Amino acid sequence: MPSPPRRRIVGVSTKMYFSAARTKAYIAELLQHLSKSPKILDQIDIFVIPDHITLTSVIAQLEGSKVMTGAQDAFYEDSGAYTGEVSPCVLAEVGCRIVEVGHAERRRIFGEMDEDVAKKARSAARNGMIPLVCIGERTKGEVSIAVDECRTQVENVMAAVADDAEVILAYEPVWAIGAAEPAGAGYVVSVVKEIRALDCVQMREGVTRVLYGGSAGPGLFERLKEGVDGLFLGRFGHDPAQFYKTMQEIASAQ
Ligand SMILES: O=C[C@H](O)COP(=O)(O)O
């Protein structure tokens, strides 16, 4: 079966870096940039993942712009006695489109395991949102070792998520997150090629896009374009002008 067409996509997470005021100003400035070339949103998908507190105001600011808003996490149950958790059902209700799960910081600091990540991805998809699943090896080394570590993460998720649901995999080598530079292009392209070749990815009915994240920013996509469908930015997208520049590069890459 031929794989479904994959549209390029780029997004940014503000993690827990921004105040509410900065998030508001960031989105306003981003919209100003986008108004200069509105066609960009017909060419590629764009998303912003703010913190939970500002999520609904970001959705309101972005209304009518086609820029998607995502959440940085969501619980795997829709409702109940889960104090402090965020319901995927409520996220969908307020217009959230993407749910990021399994970020390396959540795995390391909050002890999330592949099983938790898989359950969260399943409930995001069950609620009509796109799970954006972060995967990646912990230590810098050989391509084959990275692929082995990612394989387990991906297989767990794909076994849990409905076969026809769209999934975004964000390949983020843990050692490249928060670093000065991204992982080497040849290395990333090789790992992503192997991830795409996994049976659990190949055999899916739903679209699976693969992004690269980990010190990503302007100037990177051209080197990764033969392997990835886009980029997932952190720090180097926290200046709206830099995020916009990255979008332009992705939209214009042949
Ligand atoms: O969520 C984004 C990634 O963890 C990358 O973050 P970074 O670009 O600041 O390294």
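Calculation rules
- Residues numbered from 1 in each chain as written.
- Predicted model: local features only at pLDDT ≥ 70, side-chain atom pairs only at ≥ 80, totals over all residues.
- Heavy atoms only, no water.
- Near = heavy atom within 4 Å.
- Polar contact = N/O pair within 3.5 Å; in protein donor to acceptor, adjacent residues only side chain to side chain.
- Areas by Shrake-Rupley, 256 points an atom, 1.4 Å probe, with all protein chains shown as cover.
- Nonpolar A, V, L, I, M, F, W, Y, C, P; charged D, E, K, R; others polar.
- Helix = DSSP H or I, 4+ residues; strand = E, 2+ residues; numbered from the N terminus.
- Buried < 20%, exposed > 50% of the residue type's maximum accessible area, 1.4 Å probe, protein only.
- Axes fitted to C-alpha atoms, helices over the stretch in contact; angles between N-to-C directions.
- Parallel < 35°, antiparallel > 145°, perpendicular 65-115°, else oblique.
- Left-handed = near helix turned anticlockwise from the far one by under 90°.
- Contact = heavy atoms within 4.5 Å.
- Core = buried A, V, L, I, M, F, W, Y, C linked by side-chain atoms within 4.5 Å.
- Salt bridge = Lys/Arg side-chain N within 4 Å of Asp/Glu carboxyl O.

**Here's the deal with the site of the ligand**
Okay, so step 1: Every residue near the ligand is listed here: S13, K15, H103, E172, I177, G178, G214, S215, A216, F232, G234 and R235.
Okay, so step 2: Taking G178, its main chain carries an N or O atom lying 2.7 Å from an oxygen atom of the ligand.
Okay, so step 3: Here S215 contributes a backbone N or O atom positioned 3.0 Å from an oxygen atom of the ligand.
Okay, so step 4: Protein contacts shield 99% of the accessible area of the ligand, which totals 300 Å² for the unbound molecule.
Okay, so step 5: Partitioning the shell around the ligand into residue classes produces 3 nonpolar, 6 polar and 3 charged.

**Comments concerning unusual backbone geometry**
Okay, so step 1: Positioned with a positive phi, K15 is a non-glycine residue whose angle comes to about 45°.
Okay, so step 2: Structurally, K15 is set in the loop between strand 1 (9–13) and helix 1 (20–36).
Okay, so step 3: Although it is not a glycine, K66 sits at a positive phi angle of roughly 75°.
Okay, so step 4: By the secondary structure assignment, K66 is in the loop between helix 3 (55–62) and strand 3 (68–71).
Okay, so step 5: Looking at K66, the relative accessible area reads 55%, which means it is exposed.

**Details of the environment of K39**
Okay, so step 1: Relative to the assigned elements, K39 resides in the loop between helix 1 and helix 2 (40–43).
Okay, so step 2: Here K39 falls in the exposed class, since its relative accessible area comes to 61%.
Okay, so step 3: Remark: the alpha-carbon pair of K39 and T69, spanning 30 residues in sequence, is separated by 19 Å.

**Quick look at the packing of helix 6 (residues 114–126) against helix 7 (residues 143–160)**
Okay, so step 1: It is the contact of helix 6 with helix 7, at a shortest axis distance of 8 Å, that shows an interaxial angle of 40°. As far as their axial angle goes, helix 7 and helix 6 are oblique. Crossing geometry of helix 6 relative to helix 7 is assigned as right-handed. Together, D114, E115, V117, A118, A121 and R122 of helix 6 and T152, Q153, N156, V157 and A160 of helix 7 make up the contact between the two elements.
Okay, so step 2: Considering only residue class, the contact of helix 6 with helix 7 consists of 5 nonpolar, 3 polar and 3 charged.

**Brief notes about the nonpolar core**
Okay, so step 1: I46, Y171, Y212, L231, F243 and M247 are the most contacted members of the largest nonpolar core, which has 67 residues in total.
Okay, so step 2: The element contributing the most residues to this core is helix 8 (residues 185–197), with 7 residues.
Okay, so step 3: In this structure, I130, L132, I168 and A170 belong to the second largest nonpolar core, which totals 12 residues.

**Things to note about the environment of Y17**
Okay, so step 1: Within the element layout of this structure, Y17 appears in the loop between strand 1 and helix 1.
Okay, so step 2: In sequence terms Y17 and C200 are 183 residues apart; their C-alpha atoms lie 35 Å from each other.
Okay, so step 3: Residue contacts for Y17: discarding those within four places in its chain leaves R22, R235 and H238.

**Focus on the packing of helix 7 against helix 8**
Okay, so step 1: Remark: helix 7 packs on helix 8, axes separated minimally by 9 Å, with the N-to-C direction vectors making an angle of 40°. Taken together, the axes of helix 7 and helix 8 lie oblique to each other. Relative to helix 8, helix 7 is oriented so that their crossing is right-handed. Contacts between helix 7 and helix 8 involve V143, A146, V147, C150 and V154 on the former and, on the latter, Y187, S190, V191, E194 and I195.
Okay, so step 2: Of the residues that constitute the contact of helix 7 with helix 8, the class distribution is 8 nonpolar, 1 polar and 1 charged.

**Notes on the pattern of salt bridges**
Okay, so step 1: Under the counting rule described, the total for this entry stands at 16 salt bridges.
Okay, so step 2: Residues D42 and K66 are paired through a salt bridge, measuring 2.7 Å at the closest nitrogen-oxygen approach. Note that D42 is positioned in helix 2 and K66 in the loop between helix 3 and strand 3, a separation of 24 residues in sequence.
Okay, so step 3: Residues D73 and K120 are paired through a salt bridge, measuring 3.0 Å at the closest nitrogen-oxygen approach. A residue pair is termed long-range when its members are at least 10 positions apart, and D73 in the loop between strand 3 and helix 4 (88–93) and K120 in helix 6 qualify at 47 residues. Each member of the pair, D73 together with K120, is buried.
Okay, so step 4: A cluster of three or more residues bridged by salt bridges with shared partners is formed by R7, D45, E166 and R209.

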